[in-house]
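Working through the structure, step by step
The chain contents come next:
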Amino acid sequence: MGRLKQLGQPLRSLAPRLSYIERPSESRERDARHAWRSWYKTARWQALRWEVLLEAAFTCVRCQRVEGDTALLVADHKVPHRGVAALFWDRQNLQCLCKRCHDSAKQREERGGLA
């Protein structure tokens with residue numbers, strides 16, 4: 001078995017590779033700009049999400065797939081809210097999508113400006 005001092009040289013070369021780590025102040029600034037992300041962790045959102053899934057009978061509005069695993073369903077905002085509370089909490093702005101439809105076609109549309 002090699003001695004620990006033999007690892008010294010390779011470990012010194014790691015410092016430049018760690019330069020991508022965010023500084024704490026940058027992380028706080030980003031979190032402040034996206035404070036609405038914490039809304040997804042509230043009991044209010046969980047209740048609203050459940051209401052959307054129940055109303056849709058756990059069926060994706062795009063592909064019509066019925067999904068028994070609710071972790072694979074998303075309460076999706078029809079019109080992207082972009083941090084606007086009124087749009088985020090508007091029940092009429094929500095629809096049930098399976099994760100596959102949400103993460104592929106819907107995201108492409110939003111990035112392309114179609115939504």
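Residues numbered from 1 in each chain as written. Predicted model: local features only at pLDDT ≥ 70, side-chain atom pairs only at ≥ 80, totals over all residues. Heavy atoms only, no water.

**With respect to the state of the cysteines**
Covalent bonding between the sulfur atoms of two cysteines is what defines a disulfide. To be explicit about the condition: The term disulfide is used for any two cysteine sulfur atoms that are within 2.5 Å.
Taken as a whole, this structure holds 0 disulfides when the rule is applied. Free of any disulfide, Cys60 has its nearest cysteine sulfur in Cys63, 3.7 Å distant. With no disulfide partner, Cys98 has as its closest neighbouring cysteine sulfur the one in Cys101, 3.5 Å distant.

**Regarding the pattern of salt bridges**
Put simply, the test is: The salt bridge criterion pairs a side-chain nitrogen of Lys or Arg with a carboxyl oxygen of Asp or Glu, the two atoms within 4 Å. In this description a helix means any DSSP run of H or I spanning at least four residues, a strand means any run of E spanning at least two, and both kinds are numbered starting from the N terminus.
Inspection of every chain in the model, using the stated rule, returns 5 salt bridges. In this structure, Glu55 engages Arg91 in a salt bridge whose closest nitrogen and oxygen atoms are separated by 2.8 Å. With Glu55 in helix H3 (residues 43-55) and Arg91 in the loop between helix H4 (85-89) and strand S2 (94-98), the pair connects residues that are 36 residues apart, well separated along the chain. Shared partners join several salt bridges into a network, and the residues in it are Glu51, Glu55 and Arg91.

**Here we look at helix H5 (residues 99-112)**
Stated formally: For a helix, the expected span equals 1.5 Å multiplied by the number of residues minus one. Note that bend, as reported per residue, equals the angle between axes fitted to the 7 residues terminating at that residue and the 7 residues originating from it. Only protein chains enter the accessibility calculation, which uses a 1.4 Å probe; a residue whose area is less than 20% of its type maximum is buried, one above 50% is exposed, and one in between is partly exposed.
In this model, H5 (14 residues) spans 19 Å end to end at C-alpha, consistent with the 20 Å of a helix rising 1.5 Å per residue. Its maximal kink placed at Lys106, H5 deviates by approximately 35°. Buried residues of H5: Cys101, His102, Lys106, Gln107 and Glu110, and no others.

**Quick look at the side chain of Asp76**
Test applied: Contacts between residues were defined by any pair of non-hydrogen atoms, one from each residue, lying within 4.5 Å.
Position of Asp76 relative to the elements: it lies in strand S1 (residues 73-77). Residue classification places Asp76 among the buried positions, given a relative accessible area of 3%. With residues near it in sequence (within four places) discarded, Asp76 still touches Asn93, Leu94, Gln95, Leu97, His102, Lys106 and Glu110.

**Topic: the pairing of S1**
So the rule is basically this: Criterion used throughout: strands pair if DSSP finds at least two bridges between them.
Counting buried residues along S1, 5 of its 5 residues qualify, which places the element largely inside the surrounding structure. Side chains Leu73, Ala75 and His77 of S1 all project onto a buried face; the interleaved residues Val74 and Asp76 project onto the opposite face, where all are buried too. In the sheet, S1 pairs with S2 via 5 bridges, with the strands oriented antiparallel. When the bridges of S2 are listed, Ala75 appears paired with Cys96.

Read these as geometric descriptors, not functional statements.
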